[in-house]
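Spelled out from the first residue to the last, the chains are:
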Amino acid sequence: MSAEVNASNAAVFEAPAEASDRPVGVFDSGVGGLTVMREIMKLMPKERIIYFGDTARVPYGNKSGETVTRFSEQIMRFLLKEDVKAIVVACNTASAYALEALERDCPVPIIGVIVPGAAAAVRATRNGRIGVIATAGTIASGIYPREIGKLNPDSRVLGKACPLFVPLVEEGLWQDPVTREIARRYLEELMNEDIDTLILGCTHYPLIQGVIGEVAGAGVTLVNPAYETARQLEILLRERELLSPEAPGLGNEPQYRFYVSDMAEQFKSFANAIIPYGILTAKKIDIERY
Ligand code: DGL
């Protein structure tokens, strides 16, 4: 175990004094954003993180842009009250619908997962044919073709909404034959279009990356925007001189804090399966107050 990464949440910090000592806020509609948090933890083990999962109102993927934006603004206000130094919108649907509105009001740096994912896909493709699988909301927003088009106008982007993947992930059916069969049906259309790169455009999907990879085949590069998002965050924090300078010391605050809007115990056991460092508590808050 690295001394810098607090495996049990038992090691704690001095009360932060400098801006760079403040935590990073990460949020998602539920557990999917933990796949982004885990990359941030690996890349920047000195950072403190506050995670919020909107477990009372998940899924966002079949809600209107207006509703997703309202939810996201409430979460941003909650995270700002927790004195975060930066925010990561670790949800594709919220990034697609709400990021622009959040950026207008956010006094700290804020990034989403879509621009990093688009950039990684443009780097990965050889034939310029990129598939995107995501929630119905993210696909309907057209954001991936737009962002990829800005980087490489010659690329062709094919999107496919995969609404059954989120409940399959939430049910823990990560390796199940049912998941494989559904993946086969969803991906068939994209495979017929000869894509060579596939963006996992929903933060839940990296948890079934094994099945998706098997179905897509070795000729297709899977792009997980989570890693690229963590890298972008590191660049941003460095530019703003906000990178946490020191390894954690002893004090009163846990390195990682988890908040949810419902089902804290269920979230905790799920999170422990995704994040390789024990999570002691997940606290339920009333997000409608924000
Ligand atoms: N995590 C969300 C996303 O990345 C998917 C789950 C949901 O529909 O809320 O789009």
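Presented here is an overview of the structure given in this document. Keep in mind the model is a prediction, meaning the values are calculated, not measured.

**Description of the packing of aromatic side chains**
Turning to step 1, where the next piece is worked out: Counted according to the given criterion, the structure contains 10 aromatic pairs.
Turning to step 2, where the next piece is worked out: On the numbers, 5.5 Å between centres and 45° between planes, the contact of tyrosine 60 with phenylalanine 71 is tilted. A residue pair is termed long-range when its members are at least 10 positions apart, and tyrosine 60 in the loop between β3 (49-53) and α2 (65-81) and phenylalanine 71 in helix α2 qualify at 11 residues.
Turning to step 3, where the next piece is worked out: Here tyrosine 60 falls in the buried class, since its relative accessible area comes to 1%.
Turning to step 4, where the next piece is worked out: Looking at phenylalanine 71, the relative accessible area reads 6%, which means it is buried.
Turning to step 5, where the next piece is worked out: Put simply, the rings of Phe52, Phe78, Tyr259 and Tyr290 pair up and form one aromatic cluster.
Turning to step 6, where the next piece is worked out: Positioned above the aromatic ring of phenylalanine 71, the side-chain terminus of arginine 57 is 3.7 Å from the ring centre.

**Some words on the layout of surface pockets**
Turning to step 1, where the next piece is worked out: One number sums up the size of the largest pocket: a volume of about 350 Å³.
Turning to step 2, where the next piece is worked out: The wall of the largest pocket is formed by 20 residues, among which Leu99, Glu103, Val115, Ile143 and Glu147 lie closest to the centre.
Turning to step 3, where the next piece is worked out: For the lining of the largest pocket, the secondary structure elements donating two or more residues are α3 (92-105), β5 (110-111), α4 (114-124), α6 (143-151) and α10 (225-239).
Turning to step 4, where the next piece is worked out: Ranked by residue count, the leading element in the lining of the largest pocket is α3, at 7 residues.
Turning to step 5, where the next piece is worked out: For the lining of the largest pocket, the per-class residue count stands at 13 nonpolar, 3 polar and 4 charged.
Turning to step 6, where the next piece is worked out: Approximately 260 Å³ is the volume found for the second largest pocket.
Turning to step 7, where the next piece is worked out: Taken together, 19 residues make up the lining of the second largest pocket; nearest its centre are Pro59, Tyr60, Gly61, Thr135 and Val166.
Turning to step 8, where the next piece is worked out: Put simply, the parts of the chain that give the lining of the second largest pocket at least two residues each are α3 and α7 (165-170).
Turning to step 9, where the next piece is worked out: Here the element with the most residues in the lining of the second largest pocket is α7; it accounts for 3 residues.

**So, the sheet that holds β5**
Turning to step 1, where the next piece is worked out: Spatially, β5-β4-β2-β3-β11-β12 is the arrangement adopted by the 6 strands of the open sheet, whose pairing is parallel. Here the strands that pair on one side only, and so sit at the sheet edges, are β5 and β12 (282-284).
Turning to step 2, where the next piece is worked out: Its contacts with the sheet put helix α1 (residues 34-43) on β2 (24-28), β3, β4 (86-89) and β11 (256-260), and the angle it makes with β3 is roughly 170°.
Turning to step 3, where the next piece is worked out: Of the strands in this sheet, β3, β11 and β12 touch helix α11 (residues 264-274), which is tilted by about 155° from β12.

**Points about the nonpolar core**
Turning to step 1, where the next piece is worked out: Core analysis: the biggest nonpolar cluster contains 72 residues, and Leu34, Ile133 and Phe165 have the highest contact counts within it.
Turning to step 2, where the next piece is worked out: Beyond its immediate stretch of four places on either side in the chain, leucine 34 contacts Tyr51, Phe258, Phe267, Ala271, Ile274 and Ile275.

**Section: α6**
Turning to step 1, where the next piece is worked out: Those residues of α6 not exposed but buried are Ile143, Tyr144, Glu147 and Ile148. The arc that holds the buried residues of α6, viewed along the axis, is 120°, so those residues lie on one side.

About the cut-offs
Residues numbered from 1 in each chain as written. Predicted model: local features only at pLDDT ≥ 70, side-chain atom pairs only at ≥ 80, totals over all residues. Heavy atoms only, no water. Phe/Tyr/Trp six-rings, centres within 6.5 Å; stacked < 30°, edge-to-face > 60°. Helix = DSSP H or I, 4+ residues; strand = E, 2+ residues; numbered from the N terminus. Buried < 20%, exposed > 50% of the residue type's maximum accessible area, 1.4 Å probe, protein only. Lys NZ or Arg CZ within 6 Å of the ring centre and 35° of its normal. 1 Å grid on protein atoms, 1.4 Å probe; cavity = no way out; pocket = protein on both sides within 12 Å on 5 of 7 lines; lining within 4 Å. Points joined across faces, edges and corners; volume = space filled by probe spheres on them. Nonpolar A, V, L, I, M, F, W, Y, C, P; charged D, E, K, R; others polar. Pairing = 2+ DSSP bridges. Contact = heavy atoms within 4.5 Å. Axes fitted to C-alpha atoms, helices over the stretch in contact; angles between N-to-C directions. Core = buried A, V, L, I, M, F, W, Y, C linked by side-chain atoms within 4.5 Å. Arc of directions from axis to C-beta.

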